[in-house]
Amino acid sequence: MKYRSAKHLECFWDASNFFVKNLMTKARISTDPIAASVLCSFSELRFVSDVAQEIELDENVLDSEVASLLSLGFLESEEQGGAGKHTEEGFDAWVPWGKEGLSFYFSTRGAPFTESTDEVREEITKDPSPPVFKEYKDADRIFLPRHHEDPGHSYQEVLYRRRTHRDFVDAPVRREVFSALMAMTFGVKDFIDAQQFGALMLRTSPAGGARHELEAYAVITGVAGIAPGIYHYNVREHSLELLQEGEFRDPLTRACDAQSGVGEAPFSVVLTSVVSRLSFKYRHPRAYRVMLMNSGHLGQTFALTATALGLGPFQTAAFNDSAVEELLGVDGVRETALYVLSAGVPAVDANGDAVLSHPPMSLEGSRKARFE
Ligand SMILES: Cc1cc2nc3c(=O)[nH]c(=O)nc-3n(C[C@H](O)[C@H](O)[C@H](O)COP(=O)(O)O)c2cc1C
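Because the structure is predicted, anything quoted here is derived from the model rather than measured.

Draft legend 1. Spatial organisation of the site of the ligand. Around the ligand, the neighbouring residues are R162, R163, T164, R166, Q259, F314, Q315, T316, A317, A318 and Y339. Side-chain polar atom of R166 to an oxygen atom of the ligand: 2.8 Å apart, as the coordinates give it. Here Q315 contributes a backbone N or O atom positioned 3.4 Å from a nitrogen atom of the ligand. Protein contact buries 57% of the 620 Å² of open area that the ligand shows by itself.

Here it is as structure tokens:
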């Protein structure tokens, strides 16, 4: 009988222990690095006798090692369909994302949920809950207008008019418009009584467990009445807390792969996550997916609200995390950058139509299209 190591294995050290984990089955064994070398020797279908000879190990010893690795699912036999039909089929689409992509997928898939019983809630809330609001108490601040303009467009109009814009006019955005966008996207809509979890805020977007772990930082160049600089949006006060005064559009643009959607925009908003606010309640890896979904929700609300207010939205995930985090002064561990959102008044062409990098389909273009 020939054997081969299972397909999706990951090795790591945790404290002083060496672990091998089967990403598919979630089984993990604390072992000696020698076991990893045995697994390595079976990187293709091989007989125990051949491997024993190669690594100069007694065949009987290796046989029992193989039997235990087999029973734990770290080795597969030829009989199991050439080392795992089930472990290889259908994974082609994941290949471009490498081991890292698969590791994220498997580690956050089928994660065990903790049932939300009174006992569990009590256990969790034994520790002090992380603050709902992040604030820079000593920072200079700009209180934004409390009266928000009603954009006054129909929902259908906004929904169908939203496009991604990368060209903007070189004119400042009105303070009231910027303020309305921040309030409607990131501000407090309401408060709820979350019992053991205390008072929590609601936004216009949903968020897993109403934890609202996401923070917004505005990098402003062209908003009338607001000095250029990097600001933290204080959700509770609806104010901007000044972190650094000056022009930071260029460094932000460089950190975003020099994209014009950021480079031309009069302001951008960087979304970050204060991880503990979410991990405090959700103590399983799947919560990482929830965090990314939450950021997508805010991104979409930002895009629709900007559209309703007559702005063109842009969004990008293509940025250098450390460079962006350094600009904001966050550590990238406790608080990590997730999404860069920009907006401005869209540039128009000679016909008065917004300049779009992907214009509507032409007859010529449609000839290339094959939708079968
Ligand atoms: C998560 C996410 C990341 C994106 N990243 C970029 C980006 O890095 N650069 C860019 O030019 N557009 C980016 N976009 C915009 C998409 O290219 C755009 O939404 C798509 O082409 C469809 O066009 P539309 O938004 O005008 O409907 C991103 C969109 C999303 C949702």
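Draft legend 2. Region of interest: the pattern of salt bridges. Throughout the structure, instances matching the rule amount to 11 salt bridges. The partner of K134 in a salt bridge is E335, and the shortest N-O contact between them spans 2.6 Å. Of the two residues, K134 is situated in the loop between α6 (118-124) and β7 (141-143) and E335 in strand β15 (residues 335-344); the sequence distance between them amounts to 201 residues. Residue classification places K134 among the partly exposed residues on the basis of a relative accessible area of 21%. Accessibility expressed as a relative area gives 6% for E335, which makes it buried. Close ionic contact of D331 with R334 constitutes a salt bridge, the shortest N to O distance being 2.6 Å.

Draft legend 3. Representation of the state of the cysteines. Scanning the entire structure with this criterion turns up 0 disulfides. Here C11 is not disulfide-linked; the sulfur of C40 is the nearest cysteine sulfur, at 7.4 Å. Under the relative-accessibility criterion, C11 is labelled partly exposed at 44%.

Draft legend 4. View of the pairing of strand β3 (residues 17-22). Buried residues dominate β3, accounting for 5 of its 6 residues. Note: strand β2 (residues 9-14) against β3, 6 bridges, orientation antiparallel. Residue pairing across strands places D14 opposite N17, the latter belonging to β3. Here β2 folds back onto β3, and the loop between the two strands holds 2 residues, one of which, A15, carries a positive phi near 55 degrees. Note that β3 and strand β4 (residues 28-31) share 4 bridges and pair antiparallel. Bridge pairing in β4 links K21 to R28. In this antiparallel pair of consecutive strands, β3 and β4, the connection spans 5 residues, and K26 shows a positive phi of 70 degrees.

Draft legend 5. Structural context of the confidence of the model for the protein. Per-residue confidence for the protein gives a mean pLDDT of 91; residues scoring 70 or more make up 97%. Residue range residues 82-86 is modelled with pLDDT below 50. Its contacts to residues more than four positions away, or to other chains, number 14 contacts.

Draft legend 6. Broad picture of the sheet that holds strand β14 (residues 312-316). The strand order across the open sheet built from 7 strands is β7-β12-β11-β10-β13-β15-β14, with neighbouring strands paired in antiparallel fashion. Every other strand in the sheet has two partners, leaving β7 and β14 as the edge strands with one partner each. Ignoring strand direction, the axes of neighbouring strands in this sheet form an average angle of 25 degrees. Strand direction decides the pairing type here: β7 and strand β12 (residues 239-245), joined by 3 bridges, are antiparallel. Its bridge partner lying in β12, I142 is registered against L240. Helix-sheet contacts for helix α8 (residues 175-186) involve β7, β10 (214-220), β11 (229-234), β12, β13 (267-274) and β15, and the interaxial angle to β13 is about 20 degrees.

Draft legend 7. Structural view of a negative patch on the surface. Side chains of D50, D58, E59 and D63 sit close together on the surface and give a patch of like negative charge. Along the chain, E59 turns up in helix α3 (residues 59-71).

Draft legend 8. Up close: the sheet that holds strand β6 (residues 75-77). Strand order across the open sheet formed by 3 strands is β5-β1-β6, with antiparallel pairing between neighbours. Of all strands in the sheet, those with a lone pairing partner are β5 (46-47) and β6, marking the two edges. Sheet topology places strand β1 (residues 2-5) next to β5; 2 bridges connect them, and they run antiparallel. Bridging from a neighbouring strand, Y3 pairs with R46 of β5. Contacts between α3 and the sheet are confined to β1 and β6, with β6 contributing the most and set at about 95 degrees to the helix.

Draft legend 9. Summary view of the nonpolar core. Ranked by size, the top nonpolar core spans 44 residues in total, and within it F178, F186, I220, I226, Y233, L240 and F267 carry the most contacts. Elements represented by at least two residues in this core include exactly α8, β9 (199-202), β10, β11, β13, α12 (287-308) and β15. Every residue in contact with I220, bar those within four places of it in the chain, is listed here: F178, I226, A227, P228, G229, Y231, L240, G246, P266 and F267. Judged by nonpolar contacts, the second largest core, of 19 residues, contains F248, F314, V324 and V340.

How each quantity is defined
- Residues numbered from 1 in each chain as written.
- Predicted model: local features only at pLDDT ≥ 70, side-chain atom pairs only at ≥ 80, totals over all residues.
- Heavy atoms only, no water.
- Near = heavy atom within 4 Å.
- Polar contact = N/O pair within 3.5 Å; in protein donor to acceptor, adjacent residues only side chain to side chain.
- Areas by Shrake-Rupley, 256 points an atom, 1.4 Å probe, with all protein chains shown as cover.
- Salt bridge = Lys/Arg side-chain N within 4 Å of Asp/Glu carboxyl O.
- Helix = DSSP H or I, 4+ residues; strand = E, 2+ residues; numbered from the N terminus.
- Buried < 20%, exposed > 50% of the residue type's maximum accessible area, 1.4 Å probe, protein only.
- Disulfide = S-S within 2.5 Å.
- Pairing = 2+ DSSP bridges.
- pLDDT = per-residue confidence, 0-100.
- Contact = heavy atoms within 4.5 Å.
- Axes fitted to C-alpha atoms, helices over the stretch in contact; angles between N-to-C directions.
- Patch = residues over 30% accessible without salt bridge, like charges linked within 9 Å, V, L, I, M, F, W, Y side chains within 5 Å.
- Lys, Arg positive; Asp, Glu negative; His and termini not counted.
- Charge placed at Lys NZ, Arg CZ, Asp CG, Glu CD.
- Core = buried A, V, L, I, M, F, W, Y, C linked by side-chain atoms within 4.5 Å.

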